[in-house]
Amino acid sequence: MFIEIDFNSEEALYVQLRNQIIIGIATSKIQEGETLPSVRQLADNIGINMHTVNKAYSVLKQEGFITLDRRNGAIIALSSDKIKALSEMKKELTVLLAKGCCKNITRCEVHELIDEIFNEYI
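No experiment lies behind these values; they were computed from the predicted model shown.

Participant: Help me understand the domain arrangement of the chain, please; the structure alone is not making it clear to me.
Facilitator: Many descriptions give the size of an interface as the accessible area lost when the pieces come together. Domain boundaries in the chain define domain 1 (13-76) and domain 2 (82-119). Once you take the C-alpha centre of each, domain 1 and domain 2 turn out to be 25 Å apart.

Participant: Looking at this structure, I do not really get the packing of aromatic side chains. What am I missing?
Facilitator: Geometry of an aromatic ring pair is reported as the spacing of the ring centres plus the angle between the planes. With the rule as written, the count across this model stands at 0 aromatic pairs. Between the NZ or CZ atom of Lys55 and the centre of the ring of Tyr14, over which it lies, the distance is 4.3 Å.

Participant: Please explain the side chain of Gln16 as it appears in this structure.
Facilitator: Relative to the helices and strands, Gln16 is located in helix α1 (residues 13-26). Take Gln16: its relative accessible area is 6%, and that puts it in the buried class. Within polar-contact distance, the side chain of Gln16 engages the backbone nitrogen of Asp6 at 2.8 Å. Apart from the residues within four sequence positions on either side, Gln16 is in contact with Glu4, Ile5, Asp6, Ser9 and Glu11.

Participant: Is there a simple way to explain the nonpolar core in this structure?
Facilitator: One broad trend across soluble globular proteins is that nonpolar side chains are buried collectively. In this structure, Leu17, Ile21, Leu36 and Tyr57 are the most contacted members of the largest nonpolar core, which totals 18 residues. No other element matches helix α3 (residues 50-62), which puts 4 residues into this core.

Participant: Explain the pairing of strand β2 (residues 73-76) to me, please; I cannot follow it from the model alone.
Facilitator: Moving residue by residue along a regular strand, the side chains alternate between the two faces of the sheet. Where strand β1 (residues 66-69) and β2 come together, 4 bridges link them in antiparallel fashion. If you follow Thr67 over to β2, its bridge partner there is Ile75. What sits between β1 and β2 in their antiparallel hairpin is a turn of 3 residues.

Participant: Looking at this structure, I do not really get helix α4 (residues 82-102). What am I missing?
Facilitator: Residues separated by three or four positions in an α-helix point in the same direction, a consequence of the helix having 3.6 residues per turn. Here α4 is 21 residues long and its end C-alpha atoms lie 30 Å apart, about the 30 Å a rise of 1.5 Å per residue gives. Asn104 lies just past α4 and shows a positive phi near 65°.

Participant: Explain the pattern of salt bridges to me, please; I cannot follow it from the model alone.
Facilitator: Pairing is possible between side chains that carry opposite charge, provided their charged atoms lie close to one another. Applying the stated criterion across every chain, the model contains 2 salt bridges. Glu63 is paired through a salt bridge with Arg18; the nearest N and O atoms lie 2.8 Å apart. With Glu63 in the loop between α3 and β1 and Arg18 in helix α1, this residue pair connects regions lying 45 residues apart in the sequence. Its relative accessible area of 29% is what places Glu63 among the partly exposed residues. Accessibility expressed as a relative area gives 16% for Arg18, which makes it buried. As a salt-bridge pair, Asp69 and Arg71 come within 3.9 Å of each other at their nearest N and O atoms. For Asp69, a relative accessible area of 28% corresponds to the partly exposed category.

Cut-offs applied
- Residues numbered from 1 in each chain as written.
- Predicted model: local features only at pLDDT ≥ 70, side-chain atom pairs only at ≥ 80, totals over all residues.
- Heavy atoms only, no water.
- Domains from an automatic or database assignment.
- Phe/Tyr/Trp six-rings, centres within 6.5 Å; stacked < 30°, edge-to-face > 60°.
- Lys NZ or Arg CZ within 6 Å of the ring centre and 35° of its normal.
- Helix = DSSP H or I, 4+ residues; strand = E, 2+ residues; numbered from the N terminus.
- Buried < 20%, exposed > 50% of the residue type's maximum accessible area, 1.4 Å probe, protein only.
- Polar contact = N/O pair within 3.5 Å; in protein donor to acceptor, adjacent residues only side chain to side chain.
- Contact = heavy atoms within 4.5 Å.
- Core = buried A, V, L, I, M, F, W, Y, C linked by side-chain atoms within 4.5 Å.
- Pairing = 2+ DSSP bridges.
- Expected span 1.5 Å × (residues − 1).
- Salt bridge = Lys/Arg side-chain N within 4 Å of Asp/Glu carboxyl O.

Shown next as structure tokens:
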């Protein structure tokens, strides 16, 4: 698994890690049932604190992307709660679309962007 962290980004390291794992799942680079590296191993590989990796894994667990097992570590196990996922997506998109409106981004431009991004996951 290839994870790239931008240490100059204003985005928290654990959020970057979480996002890259989710994108890896969506693009099939990481498959359901696969085991993620241990907290210590991943922290060493990308040069961040173990607590940062632990926090990313905890968030992924809360969001239904992984399960945590003391013996087997973090395993990709997707929750199938579509209604909850749609609700969370609506909440996040509401703010993103409001930002876009403030910057005069049109509905057509948003739809083109969504189609472009979504095609990466098919």
